[in-house]
Amino acid sequence: AGRVRVAGCIVTFRSDLEDVARAAQSFKAANLSTHLTVIDNRSGPAYFEALRDAVYSDRIIDSGANRGFGFGHNCGIRTAPVCDYYLVLNPDIVIHAGALERMVEFMDRNPDVGLAGPRILNPDGSLQHLNKQLPTVFDLFARRFLPKALQRLPWVRRRMDRYVMLDKGYDSVVDVPYVSGCFML
């Protein structure tokens, strides 16, 4: 393939085939030159054949081993065509019409930005709080181990809200220290 604007990659391991097909279709629907690689992290021969039948992509590769998300995306990067941007995409993400185009425009206008992530919504339209500050030990402990009753204490709640950047919001461009890997351009 020649140079494309966006080379995207979806890594699967026994992911729901309908989800993967929707993710691939939403990526390929972008009004940009694209190339999509789907890397299967060794879900098995039957799954791999079903994946090939269910998902429209430019390339589907069996990675040969299940060594994780990063390993799969490294396989995708190594096999990607020359591109302006590389997209890491989870198999259950649906890209809303025009969103990828707007992100590419943003990246074109801001060459000092190395990575962009969009606002991520749940299937019901509610916001996922995926932007994060760099965590302190307390932030990690509070999110993982504090009982819900203690998490509702005002000072703990403020701290947890700050950690997921609710103080910055999700409706404008913000410098984010820690971006979710589910959709990164």
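Below or above, wherever it landed, is the structure these notes cover.

What counts and how
- Residues numbered from 1 in each chain as written.
- Predicted model: local features only at pLDDT ≥ 70, side-chain atom pairs only at ≥ 80, totals over all residues.
- Heavy atoms only, no water.
- Helix = DSSP H or I, 4+ residues; strand = E, 2+ residues; numbered from the N terminus.
- Patch = residues over 30% accessible without salt bridge, like charges linked within 9 Å, V, L, I, M, F, W, Y side chains within 5 Å.
- Areas by Shrake-Rupley, 256 points an atom, 1.4 Å probe, with all protein chains shown as cover.
- Salt bridge = Lys/Arg side-chain N within 4 Å of Asp/Glu carboxyl O.
- 1 Å grid on protein atoms, 1.4 Å probe; cavity = no way out; pocket = protein on both sides within 12 Å on 5 of 7 lines; lining within 4 Å.
- Points joined across faces, edges and corners; volume = space filled by probe spheres on them.
- Nonpolar A, V, L, I, M, F, W, Y, C, P; charged D, E, K, R; others polar.
- Axes fitted to C-alpha atoms, helices over the stretch in contact; angles between N-to-C directions.
- Parallel < 35°, antiparallel > 145°, perpendicular 65-115°, else oblique.
- Contact = heavy atoms within 4.5 Å.

1. Remarks on unusual backbone geometry
Then, number 1: Positive phi values are uncommon outside glycine, yet Arg-14 reaches one of about 55°.
Then, number 2: Relative to the helices and strands, Arg-14 resides in the loop between strand E1 (4-12) and helix H1 (17-28).
Then, number 3: Of note, Met-165 is a non-glycine position whose phi angle comes to about 60°, a positive value.
Then, number 4: The residue Met-165 is located in the loop between helix H7 (154-163) and strand E5 (183-184) in this model.

2. Observations concerning a nonpolar patch on the surface
Then, number 1: Taken together, the side chains of Leu-150, Leu-153 and Trp-155 make up a nonpolar region of the molecular surface, amounting to roughly 290 Å² of accessible area.
Then, number 2: Note that Trp-155 resides in helix H7.

3. Some points on empty space enclosed by the protein
Then, number 1: Inspection of every chain in the model, using the stated rule, returns one cavity of 30 Å³ or more.
Then, number 2: Of the pockets and cavities examined, the largest cavity occupies roughly 60 Å³.
Then, number 3: Grouping the constituent residues of the lining of the largest cavity by class yields seven nonpolar, four polar and no charged.

4. Description of the layout of surface pockets
Then, number 1: When its volume is computed, the largest pocket comes out at roughly 1300 Å³.
Then, number 2: Taken together, 39 residues form the lining of the largest pocket, with Met-103, Gly-117, Pro-118, Arg-119 and Ile-120 sitting closest to its centre.
Then, number 3: Looking at the lining of the largest pocket, the elements with two or more residues in it are H1 and helix H4 (99-109).
Then, number 4: When residues in the lining of the largest pocket are grouped by element, the largest group, six residues, is from H4.
Then, number 5: In terms of residue class, the lining of the largest pocket is built from 20 nonpolar, nine polar and 10 charged.

5. A short note on the packing of helix H5 (residues 137-145) against H7
Then, number 1: Relative to each other, H5 and H7 sit at 110°, their axes nearing to 10 Å. Comparing their axes, H7 and H5 come out roughly perpendicular. Here Phe-138, Asp-139, Leu-140, Ala-142 and Arg-143 of H5 come into contact with H7, specifically with Trp-155, Arg-159, Met-160 and Tyr-163.

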